[in-house]
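Structural overview
Each chain, written out:
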Amino acid sequence: MQTVETHQVAVLDRPNGSEGHLPDFNSENYKDAYSRINAIVIEGEQEAHDNYVSIGTLIPDKSDELLKLARMELKHMRGFTACGKNLGVTADMKFAKEFFSPLHGNFQEALTAGKLTTCFLIQAILIEAFAISAYHVYIRVADPFAKKITEGVVKDEYLHLNYGQEWLKANLATCKEELIQANKVNLPLIRSMLDQVAKDASELSMDREELMEEFMIAYQDSLTEIGLDNREIARMALAAVV
Ligand code: PL3
Ligand code: FE2
Ligand code: FE2
């Protein structure tokens, strides 16, 4: 399984780093926004765990591998829970459950219908690319405790993205149509989740444009790796704007 080291290094070594522009981690505004962002991340990691376990039920011969990925997600969840505690913040889990509910519903529907391609697209491509982009941006402006934890997490998320990529690549001949259709339905949900989180993220000094840019890089790289051509990728990406 390959990792995407080159991209990681390029992103982390940006010349206009945020040194000297860190937010005030103890301000009320920061903590208020963190109570929602932290909850989103905790809920996202928990749902990622559940989703990998569920995907394993659709491919029993791969269920051990998927259980390993699922276990990593629980570790991430515990790490981010510690980040909230460290700042004295209580995560708003009710908010986070609602935040994920449309995507959660689509995943459950696909699972019930045995649509493995859609499940992989939602969890291993869209959610992982969303997490990777958010974590990269967060690492640049996080408190030292959370920065260390997030750096460890983001490495694992590339493994998860690659796992989905490899499956979709190996099955592309039979899954392309479903992949494109599922993307059309679910990419707009990611876009709207990004819009919903933008205000709180900016309170944490995370820039909306930067989040979008990082997402599009991870998403497009991943589609290239799966074996789609530039025109197909452009068409798929357009689902985010129309
Ligand atoms: C899959 O492994 C994880 C799924 C989590 C999805 C999280 C999306 C996060 C968007 C909000 C910005 C987070 C910044 C990080 C703060 C701890
Ligand atoms: Fe994770
Ligand atoms: Fe993950």
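Everything below is about the structure printed above this text.
The paragraphs below set out a description of the structure included in this document. (Residues numbered from 1 in each chain as written. Chains lettered and ligands numbered in written order. Predicted model: local features only at pLDDT ≥ 70, side-chain atom pairs only at ≥ 80, totals over all residues. Heavy atoms only, no water.)

Scanning the model with the defined rule gives nine aromatic pairs in all. Centroid distance Y30 to Y34: 5.8 Å. Interplanar angle 20°. Geometry classified as stacked. With Y30 and Y34 both in helix 2 (residues 28–58) and four residues apart, the pair spans about one turn of that helix. Of the two residues, Y30 and Y34, neither departs from the other in class, the shared state being buried. Measuring from centroid to centroid gives 5.1 Å for F80 and Y135, while their planes differ by 45°, and the two rings are tilted. (Phe/Tyr/Trp six-rings, centres within 6.5 Å; stacked < 30°, edge-to-face > 60°. Helix = DSSP H or I, 4+ residues; strand = E, 2+ residues; numbered from the N terminus. Buried < 20%, exposed > 50% of the residue type's maximum accessible area, 1.4 Å probe, protein only.)

Distances from the iron ion (ligand 3) to its protein donors, namely E73 (OE), E128 (OE), E128 (OE), E157 (OE) and H160 (ND1), fall within the range 2.0 to 2.5 Å. Note that the iron ion (ligand 3) binds six donor atoms; their angles at the metal cover 56 to 158°, and the shape is irregular. Donor residues binding the iron ion (ligand 3) come from one chain and are separated in sequence as E-x54-E-x28-E-x2-H. A separation of 3.2 Å is found between the iron ion (ligand 3) and the iron ion (ligand 2), both of which receive a donor from E73. Of the two residues, E73 is situated in helix 3 (residues 63–86) and E128 in helix 5 (residues 116–139); the sequence distance between them amounts to 55 residues. According to the relative accessible area criterion, E128 is buried, its value standing at 2%. (Donors = N, O, S within 2.8 Å, 3.2 Å for Na, K, Ca; no water. Tetrahedral: all angles 85-135°; square planar, octahedral: opposite > 155°, others 65-115°.)

That is the geometry; function is a separate question.
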